[in-house]
Amino acid sequence: MTPLTQARSRLVLGTRGSKLAVCQSEWVQARLKELAPDVDVTLRRIQTSGDKILDVPLAKIGGKGLFVKEIEEALLHREIDLAVHSMKDVPAELQPGLALLCVPRREDPRDALISRDGRSFKDLPHGARIGTSSLRRQAQLLRVRPDFSIEMLRGNLDTRLRKLREGQYDAIVLAAAGLRRLGWAKEITELLDFETCLPAIGQGALGIEGREDDDFVRSLLSGMEDRETRTTVMAERALLRRLQGGCQVPIAAYATMHGARVSIDALVAGLDGKEIVRERAEGAAEEAESLGVRVGERVLARGGDRILQSIYGKA
Ligand SMILES: NCc1[nH]cc(CCC(=O)O)c1CC(=O)O
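Cut-offs and rules
- Residues numbered from 1 in each chain as written.
- Predicted model: local features only at pLDDT ≥ 70, side-chain atom pairs only at ≥ 80, totals over all residues.
- Heavy atoms only, no water.
- Helix = DSSP H or I, 4+ residues; strand = E, 2+ residues; numbered from the N terminus.
- Contact = heavy atoms within 4.5 Å.
- Areas by Shrake-Rupley, 256 points an atom, 1.4 Å probe, with all protein chains shown as cover.
- Salt bridge = Lys/Arg side-chain N within 4 Å of Asp/Glu carboxyl O.
- Buried < 20%, exposed > 50% of the residue type's maximum accessible area, 1.4 Å probe, protein only.
- Near = heavy atom within 4 Å.
- Polar contact = N/O pair within 3.5 Å; in protein donor to acceptor, adjacent residues only side chain to side chain.
- Nonpolar A, V, L, I, M, F, W, Y, C, P; charged D, E, K, R; others polar.
- Domains from an automatic or database assignment.
- Phe/Tyr/Trp six-rings, centres within 6.5 Å; stacked < 30°, edge-to-face > 60°.
- Arc of directions from axis to C-beta.
- Core = buried A, V, L, I, M, F, W, Y, C linked by side-chain atoms within 4.5 Å.
- Pairing = 2+ DSSP bridges.
- Axes fitted to C-alpha atoms, helices over the stretch in contact; angles between N-to-C directions.

Draft legend 1. Up close: the overall build of the chain. Across its full length, the chain holds ten helices and 13 strands. Long-range pairs, those at least 24 residues apart, make up 69% of the contacts in the chain with a sequence separation of at least 6. A total of about 13,800 Å² of accessible surface is found on the chain, and carbon and sulfur atoms cover 50% of it.

The following block contains the structure:
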């Protein structure tokens, strides 16, 4: 092994500064303390451009990469040794030389409705003001409740909840996983089922990124790896790469595993945000490898090509 991948007694874990990012990073730090008590892991906060630019929807400023660019640079410059991401914020492709060294067990992937007066989704008044900047959430909510008035909402979870409490919205939609990790599950009015709102790719899952040749960190993290989460999230991300999705084209997908079979529910909102294509792509992965199931033509052909046609007009 090269010197830089040898055992080290100190590691630096890079994290964004949001409450959720720090909470997720501290959880990994605590798990590493259990798994490797002799290794000292310190957190280093790194502000990303996605954290700085808060006054426009992500779709307009370049999407997911804004939450990881500066962190990946710190990894490549060896300023940090690992970083904890929400998988839904990780672009389809990582920077060369970097890898997801660990994918722990997934939290609840569903979206959650938080309404100001506790009213459920179906009881929200006609024309209710719903706070979300996610095209994926917007397209699916309007399909069921075209009367809703969707209004932009960005910022960290605490900011979004504050804006709701201040009366700027009748309800907002957030990922249940983030609320649960912060101990705010009591804020949830209703968990939205997959028929109403299919999750973002990777929603509820964490990914721990590091240098792909860092066998030491990879071995430390192996005790936190969850094979089923890795396989299903990799299947969703393979679909993301095939559909070249991102914030601009609202894609939702959720993969489940039954033995060695992986099935993916995928949804792509038409470019006008109105037409919804919902397909269920069934497919048997010859083997669900630890690096993630191969999302072969068979899986996509059963559903993906119709999805591709809905976006690009071609298989
Ligand atoms: N950039 C927003 C973001 N990234 C990850 C989560 C939630 C945590 C997760 O999905 O694991 C959230 C908040 C939200 O969508 O409500």
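From this point, the narrative continues.
Draft legend 2. Region of interest: the pattern of salt bridges. Scanning the model with the defined rule gives 21 salt bridges in all. Residue Lys 122 pairs with Asp 123 through a salt bridge whose shortest N-O separation is 3.3 Å. By relative accessible area, Lys 122 is classed as exposed at 66%. For Glu 166, the salt bridge identified is with Arg 162, shortest N-O distance 2.9 Å. Glu 166 sits in the partly exposed class, given a relative accessible area of 48%.

Draft legend 3. Here's a closer look at the site of the ligand. Surveying the vicinity of the ligand reveals 13 residues, the closest of which are Lys 88, Asp 89, Arg 137, Ala 175 and Arg 181. Contact distances for the ligand include 2.6 Å between an oxygen atom and a side-chain N or O atom of Lys 88. Between a nitrogen atom of the ligand and a side-chain N or O atom of Asp 89, the distance comes to 2.8 Å. Elements that contribute at least two residues to the shell around the ligand include exactly β8 (171-175) and α7 (176-181). When the residues that make up the shell around the ligand are grouped by side-chain class, the tally is five nonpolar, four polar and four charged. Counting only domains with at least three residues in the shell around the ligand, you end up with domain 1 (10-106 + 205-225) and domain 2 (111-191).

Draft legend 4. Summary view of the packing of aromatic side chains. Taken as a whole and assessed by the stated rule, the structure comprises two aromatic pairs. Measuring from centroid to centroid gives 5.6 Å for Phe 121 and Phe 148, while their planes differ by 90°, and the two rings are edge-to-face. Of this pair, Phe 121 sits in the loop between β5 (111-115) and β6 (129-131) while Phe 148 is found in the loop between α5 (135-144) and β7 (149-151), placing the two residues 27 residues apart along the sequence. Taken as a pair, Phe 121 and Phe 148 share a single burial class, namely buried. Residues Phe 194 and Tyr 254 carry aromatic rings whose centres are separated by 4.7 Å and whose planes lie at 45° to one another, so their mutual orientation is tilted. Taken together, the residues span a long stretch of sequence, with Phe 194 in the loop between β9 (190-191) and β10 (206-211) and Tyr 254 in strand β11 (residues 251-258) at a distance of 60 residues.

Draft legend 5. Representation of helix α6 (residues 157-165) in the model. Every buried residue belonging to α6 is among Leu 157, Arg 160, Leu 161 and Leu 164, and all of these are buried. Each buried residue of α6 sits inside an arc of 95° when the element is viewed along its axis, so together they form one side. Against α1 (19-35), β5, α5, β8 and α7 lie the buried residues of α6. Count one or two residues on from α6 and you reach Gly 167, which has phi positive near 90°.

Draft legend 6. Broad picture of the nonpolar core. If you look at the biggest cluster of nonpolar residues, it comprises 19 residues, and the most contacted ones within it are Leu 11, Leu 82, Ile 208 and Leu 221. Taken together, the elements giving at least two residues each to this core come down to β1 (10-15), α1, β3 (82-86), β4 (98-102), β10 and α8 (215-221). In terms of residues, this core owes the most to one element, α8, which gives four residues. Not counting residues up to four positions away in its chain, the partners in contact with Leu 11 are Val 39, Asp 40, Val 41, Thr 42, Asp 81, Leu 82, Phe 216, Val 217 and Leu 220. Ile 172, Leu 174, Ala 176 and Ile 188 belong to the second-largest nonpolar core, a separate cluster that totals 15 residues.

Draft legend 7. Up close: the pairing of β5. With respect to burial, β5 is a largely interior element, five of its five residues being buried. Of the two faces of β5, both are covered, the one formed by Asp 111, Leu 113 and Ser 115 as well as the one formed by Ala 112 and Ile 114. Relative to β8, β5 runs antiparallel, the two being bridged by five bridges. Across the sheet, Ala 112 pairs through a bridge with Leu 174, a residue of β8. Where β5 lies against β9, two bridges are found, and the strand directions are antiparallel. Bridging across to β9, Leu 113 finds its partner in Glu 190.

Draft legend 8. Spatial organisation of the sheet that holds β3. Here five strands make up an open sheet; going across it, the order is β2-β1-β3-β10-β4 and the pairing mixed. Whereas interior strands pair on both sides, the edge strands pair on one side only; in this sheet they are β2 (40-45) and β4. Neighbour-to-neighbour, the strand axes of the sheet open up by a mean angle of 35°, direction not taken into account. For β1 and β2, the ladder comprises six bridges, and the chain directions are parallel. When the sheet's bridge partners are listed, Thr 15 is paired in β2 with Arg 45.

Draft legend 9. Quick look at the sheet that holds β6. Taken in spatial order, the five strands make up an open sheet running β7-β6-β8-β5-β9, and their pairing is mixed. Of all strands in the sheet, those with a lone pairing partner are β7 and β9, marking the two edges. Two elements, β6 and β7, share three bridges in a ladder whose sense is parallel. Across the sheet, Gly 131 pairs through a bridge with Glu 151, a residue of β7. Along the sheet face, α5 touches β5, β6, β7 and β8 and points at about 125° away from the line of β8.

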